[in-house]
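Coordinate inspection notes
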Amino acid sequence: SRLEWSTLIPAWLQHRQLGLQAKGKHFMLEDSIFWIFGGSIHYFRVPREYWRDRLLKMKACGLNTLTTAFVLMAAEIGLWVILRPGPYICSEIDLGGLPSWLLQDSGMKLRTTYKGFTQAVDLYFDHLMSRVVPLQYKHGGPIIAVQVENEYGSYYRDPAYMPYIKKALEDRGIIELLLTSDNKEGLKKGMVHGVLAAINVQTRQELHLLNTFLLSVQGIQPKMVMEYWTGWFDSWGDSHNILDSSDYDAVLTEAGDYTAKYSKLREFLGSLSDAPLPPPPKPLPKMTFEPLMPSFYVSLWDVLSFIGEPIESEKPINMENLPVNDGNGQAFGYILYETIIASSGTLRGLVRDRGQVFLDTVSIGFMDYKTTKIVIPLIQGYTLLRILVENRGRVNYGNNIDDQRKGLIGNLYLNDSALKKFRIYSLDMKKNFFQRFSTDKWNNIPDVPTFPAFFFSGLNIDSSPSDTFLKLEGWEKGVVFVNGQNLGRYWNIGPQETLYLPGPWLYRKYNQIIIFEEVMAGPVIQFTDTPYLGRNQYIH
């Protein structure tokens, strides 16, 4: 049905004809100059129950445009939308937002006009555009512009790709202003005829440089920074990144808390507003709990007996090509390979991303990108070789996104002879995986647990749950699940030392916490009301 936005917009905009236009050095909405003050909230990084809270905080900061996909809610709150539908979105998310099943095709060429990729994009656009086309500005909705792909100039494998994406959008009914978005490395190659170029920057120096270039190639057109990076991401084992000028050191924290950047930005944008800004919503409450000791445990080796039969294969199969999940392969989690060996020697292979090697249940080391060989010690007779491989995430940016298959890639060699006859367990650790862990499967925790292992603890909450942060001091490396929700990884190399646990994921009364630990369990599970990073740094 036709949506009614008239109560959300001023009277002079209720008669819509022209939409957002680039005229001279200004953006125009109908016949008036329009300044775009935009911001992004990643819906996949915020619990659904908090989407409205984050958008209200965005509007209270003085922003008038949202550059992600909460289209209906944005309209209700009174925000315009610049739709950025990808299919590639970067965003420091797995494979830049592309589904891993695309990599089942050994010849796949992502972000090109390769037939296997464009068929998937066409299907995706068919479904998505049928939903968003009616929500465009000229149809009475909040979408004032649409971005064509994302930072393609820094990739640029196929000159025909961006014109294909532009045509795919227009053929499906997109009629609003089209934009591209590129950083300094890709701006020249990322431009498309008939599409306004926007820029992504981090410094004033980059802004000046790119403005000068845009003037030389686009002439006098409105300038827009599509992405101004307020922070930067962290990598395991490195220091926490802070910029003065995500969690990223962003304007709002992962938990939606205000920062000094928010206050400064609100003060600045408020000075440009004709009317007082709405008051910021109250900060969400936090709570903490007494430390919990794990109650029960089950080793991974015991779990194998009740999660279903393994896949048998003459050669290793990578994660994406496993015949699971209705033919879509395995996207995330772990994968376990087993085979029989009869001699010691040098084990060699490509493990993506990190593989713990076992002789039966005894760990003998790790293989990863840097360590591609490991010595198998002397053994007696036939011995079970196991490799537990963790998918640590597919890269989101760069020239090697086609090379992001996980697990064992190709053959595994012992003394240069390819090993055969594998049993492969898909350990995706989704909700249905843990549904097999019935009460009788859990055991009391022994004095010396066998790792890797799952640990169970119950958390009772007497009042209405609020946000908290979970801290695993003394634990080494693994993943935490709360009431079936994957909370995230932890790793004692830092810098992250806490995991944000949203209140909506907790129940009043009883909650289940399951920890999969690869190497060494700590004594307790701790809770805090403050997020903490190593090197004496708090996320604020």
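Residues numbered from 1 in each chain as written. Predicted model: local features only at pLDDT ≥ 70, side-chain atom pairs only at ≥ 80, totals over all residues. Heavy atoms only, no water.

The line we're drawing: UniProt positions are given in the numbering used here, feature names are shortened, and annotations may be inferred rather than shown by experiment.
The name given to the chain in an unreviewed UniProt entry is Beta-galactosidase-1-like protein 2, and the organism recorded there is Sciurus carolinensis. Quoted verbatim from the Sequence similarities (unreviewed entry) heading of the UniProt record, the comment on the chain is "Belongs to the glycosyl hydrolase 35 family."

**Some thoughts on the overall build of the chain**
Rule in force here: Counting from the N terminus, the helices are DSSP H or I runs at least four residues long and the strands are E runs at least two residues long. Two things to know: the radius of gyration comes from C-alpha atoms, and the globule rule equals 2.2 Å times the number of residues to the power 0.38. Accessible area is worked out with a 1.4 Å probe on protein chains only. A residue is then buried under 20% of its type maximum, exposed over 50%, and partly exposed in between. Only the protein chains shown count as cover for residues, and all accessible areas are computed by the Shrake-Rupley method using a 1.4 Å probe. Charged residues are defined narrowly, with Lys and Arg counted positive, Asp and Glu counted negative, and His plus the chain ends left uncounted. By convention, charge coordinates are those of NZ in Lys, CZ in Arg, CG in Asp, or CD in Glu.
Within the chain, the regular secondary structure consists of 9 helices and 31 strands. Taking 24 Å as the expected radius of gyration for a compact globule of 540 residues, we find that the chain reaches 26 Å, a close match to that expectation. Seen along its three principal axes, the alpha-carbon backbone of the chain occupies a region of about 85 × 55 × 45 Å. Here the chain holds 540 residues, and 51% of them are scored as buried. Split by element, the accessible area of the chain, about 25,600 Å² in all, is 53% carbon and sulfur. A gap of 4 Å separates the mean positions of the 54 positive and 56 negative side-chain charges of the chain.

**Quick notes on the nonpolar core**
Which entries qualify depends on this criterion: The term nonpolar core refers to a set of buried residues drawn from Ala, Val, Leu, Ile, Met, Phe, Trp, Tyr and Cys, joined through side-chain atoms within 4.5 Å. By the convention used here, residues are in contact when the closest approach between their heavy atoms is within 4.5 Å.
In terms of nonpolar packing, the biggest core is built from 53 residues, with L55, L110, F117, I143, I165 and L169 touching the most fellow members. Contributions of two or more residues to this core are made by α1 (51-60), α2 (71-77), β6 (80-83), α3 (115-132), β7 (143-147) and α4 (161-171). Excluding residues within four positions of it along the chain, F117 makes contact with P87, L98, L102, M108, K109, L110, R111, T112 and Y161.

**Things to note about the side chain of E338**
The following threshold applies: Any N or O atom pair separated by 3.5 Å or less is treated as a polar contact, with the protein-specific requirement of one donor-capable and one acceptor-capable atom, and with residues adjacent in sequence counted only for side-chain atom pairs.
Take E338: it is sitting in strand β13 (residues 334-341). By relative accessible area, which is 5% here, E338 ends up buried. Within the local environment of E338, its side chain forms a polar contact with the side chain of R386, the two groups lying 2.8 Å apart. Filtering out sequence-adjacent residues up to four positions away, E338 remains in contact with L304, L384, L385, R386, K421, F422, R423 and Y425.

**Observations regarding the confidence of the model for the chain**
The condition is simple: A residue's pLDDT is the predictor's confidence in that residue, given on a scale from 0 to 100.
Residues with a pLDDT of 70 or more make up 95% of the chain, whose mean pLDDT is 92. Taken together, the stretch residues 1-6 has pLDDT below 50 and engages in 13 contacts with residues farther than four places along the chain or on a different chain. Contacts of residues 535-540 to residues separated by more than four positions or lying in other chains number 16 contacts, the stretch itself having pLDDT below 50.

**Points about the sheet that holds β7**
The condition is simple: DSSP calls a pair of strands paired once it identifies at least 2 bridges connecting them. Inter-axis angles, ranging from 0 to 180 degrees, are taken between N-to-C directions of lines fitted to C-alpha atoms, where helices are fitted over the stretch in contact.
Read across the open sheet, the 7 strands follow the order β4-β5-β6-β7-β8-β9-β10; overall the sheet is parallel. Of all strands in the sheet, those bounded by a partner on one side alone are β4 (38-39) and β10 (225-228). With 2 bridges joining them, strand β5 (residues 65-66) and β6 adopt parallel strand pairing. Within the sheet, the bridge partner assigned to L66 lies in β6 and is V81. Running at roughly 165° to strand β9 (residues 196-201), helix α6 (residues 204-218) makes contact with β9 and β10 of the sheet.

**What about a nonpolar patch on the surface?**
Put simply, the rule reads: Patch definition: residues above 30% relative accessible area lacking any salt bridge, with like charges linked at up to 9 Å and the nonpolar side chains Val, Leu, Ile, Met, Phe, Trp and Tyr linked at up to 5 Å. A pairing counts as a salt bridge when a side-chain nitrogen of Lys or Arg comes within 4 Å of a carboxyl oxygen of Asp or Glu.
On the surface, L207, V225 and Y228 cluster together into a nonpolar patch covering about 230 Å² of accessible area. Within the secondary structure, L207 sits in helix α6. Owing to a relative accessible area of 31%, L207 belongs among the partly exposed residues under this scheme.

**Here we look at the UniProt feature "transmembrane region" (unreviewed entry) in the chain**
What UniProt calls "transmembrane region" (unreviewed entry) maps, in this numbering, to residues 61-83. Between the end C-alpha atoms of residues 61-83 there is a gap of 20 Å, over a span that is 30% helix and 26% strand.

**Quick notes on the pairing of strand β1 (residues 20-23)**
As paired strands, β1 and strand β2 (residues 26-29) are joined by 4 bridges and run antiparallel to one another. Paired with Q21 across the two strands is M28, which belongs to β2. In this structure, the hairpin formed by β1 and β2 is closed by a connection of 2 residues, where G24 is found at a positive phi of approximately 60°.

**Here we look at the sheet that holds strand β11 (residues 296-299)**
Read across the open sheet, the 6 strands follow the order β22-β11-β23-β28-β25-β26; overall the sheet is antiparallel. Only two strands of the sheet have a single neighbouring strand rather than two, namely β22 (443-444) and β26 (485-491). As judged from the 2 bridges shared by β11 and β22, these two strands associate in the antiparallel manner. From the neighbouring strand, Y297 faces β22, where its bridge partner is N443.

**Points about the side chain of D257**
Take D257: it is sitting in the loop between β10 and α7 (260-272). At 2.8 Å, the side chain of D257 forms a polar contact with the side chain of K286. Setting aside chain neighbours within four positions, we find D257 in contact with V251, L252, L284 and K286.

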